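Secondary and tertiary structure notes
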Amino acid sequence: MVSMVIFGEIGAGKSSVINLSAGRQIVHISPDIHRCTLHWTELQVTFKNGTRYQVFNTVGLQEPRLHTGEYLSAISNAYGLITTLKERGGVNLLLFCVREGRVTATMQSNYRLFFEFPCEERVPLVLVVTNLEREVNMEDWYTRNVGHLEKYTANDD
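Everything numeric here is computed off the predicted structure, so don't read it as measured data. (Residues numbered from 1 in each chain as written. Predicted model: local features only at pLDDT ≥ 70, side-chain atom pairs only at ≥ 80, totals over all residues. Heavy atoms only, no water.)

1. Quick word on the overall build of the chain
Helices and strands together make up the secondary structure of the chain, namely four helices and five strands. Ordered by position from the N terminus, the helices and strands of the chain form the series β-α-β-β-α-β-α-β-α. Taken over 157 residues, the chain has a buried fraction of 39%. In the chain, the proportion of contacts linking residues at least 24 apart, taken out of those at least 6 apart, comes to 66%. (Helix = DSSP H or I, 4+ residues; strand = E, 2+ residues; numbered from the N terminus. Buried < 20%, exposed > 50% of the residue type's maximum accessible area, 1.4 Å probe, protein only. Contact = heavy atoms within 4.5 Å.)

2. Describing the nonpolar core
By size, the foremost hydrophobic cluster in this structure holds 22 residues, and its most contacted members are Val5, Leu81, Val91, Leu94 and Phe114. Among the elements that take part in this core, helix α3 (residues 105-116) stands out by supplying five residues, more than any other. In this structure Val91 touches Ser3, Met4, Val5, Leu85, Cys119 and Val123, once residues within four positions along its chain are discounted. Within the second largest apolar cluster, 16 residues are counted, among which are Met4, Ala12, Leu43 and Val55. (Core = buried A, V, L, I, M, F, W, Y, C linked by side-chain atoms within 4.5 Å.)

3. As for the packing of aromatic side chains
Under the definition given, this model contains five aromatic pairs. The structure contains a cluster of three or more aromatic residues connected by ring pairs, namely Phe7, Phe96, Tyr111 and Phe115. (Phe/Tyr/Trp six-rings, centres within 6.5 Å; stacked < 30°, edge-to-face > 60°.)

4. Considerations on the sheet that holds strand β3 (residues 52-57)
Adjacent strands of a sheet pair through backbone hydrogen bonds, lying either parallel or antiparallel. Strands sit in the order β2-β3-β1-β4-β5 across an open sheet of five strands; the sheet is mixed. Single-partner strands in this sheet number two, and they are β2 (41-46) and β5 (125-130). Between one strand axis and the next, the sheet turns by 25° as a mean value, whatever way the strands run. By the bridge criterion, five bridges tie strand β1 (residues 2-7) to β3 in an arrangement that is parallel. Each bridged residue has a counterpart across the sheet, and for Ile6 the counterpart in β3 is Asn57. (Pairing = 2+ DSSP bridges. Axes fitted to C-alpha atoms, helices over the stretch in contact; angles between N-to-C directions.)

5. With respect to helix α1 (residues 14-22)
Because each turn of an α-helix spans 3.6 residues, side chains separated by three or four positions end up pointing in the same direction. Inspection of α1 places Lys14, Ser15, Val17, Ile18, Asn19 and Ala22 among the buried residues, and these make up the whole buried set. Contacts from the buried residues of α1 go to β1, β2, β3, β4 (93-99) and β5. Just past α1, the residue Gly23 takes up positive phi, approximately 80°.

6. Some points on the pattern of salt bridges
This model, assessed by the stated rule, comprises three salt bridges. Across the salt bridge formed by Glu42 and Arg88, the nearest N and O atoms sit 2.8 Å from each other. Separated by 46 residues along the polypeptide, Glu42 in strand β2 and Arg88 in the loop between α2 (68-87) and β4 bring together distant segments of the chain. Residue Glu42 is classed as partly exposed on the basis of its relative accessible area of 32%. For Arg88, a relative accessible area of 47% translates into the label partly exposed. One salt bridge in this structure joins Arg134 and Glu100, with 2.7 Å as the shortest N-O distance. Taken together, the positions of Arg134 in the loop between β5 and α4 (139-153) and Glu100 in the loop between β4 and α3 put the pair 34 residues apart, joining distant regions of the chain. A residue is classified by how much of its surface remains accessible, and Glu100, at 24% relative accessible area, is partly exposed. (Salt bridge = Lys/Arg side-chain N within 4 Å of Asp/Glu carboxyl O.)

In short, the description is geometric, and any link to function would need to be established separately.
Structure follows, in structure tokens:
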């Protein structure tokens, strides 16, 4: 079974992406400001196309200056997930869930925390951009922003 980690900041739509992929609600979603996922969760999910995945839904990370205690708890939680995944042989796929808009320090921290450090940039990463309902053609957002995104993820090697 393919193991997949979905990560991103609070409110990026991680749980909604899981529900959409599964074709039904299997995780709670919240339109409110408070965090919906308090601890990483492991789910066995059969996507609409019949493919089975072991999905790890992570705690949303936010700017550390907002609530230091919550931020440190979320980092500790992420570290626990990374340790668990290493013990189980790693992960096959990363889904990086971001809301449309500007590249933020939190977005960069999330990218480094899950992709650069534990996965050593060796695990395939899929960028999932949410909140594109105002776009006539959602792919246009990526076309307009790909150069800017690559600037933040460029590797000097």
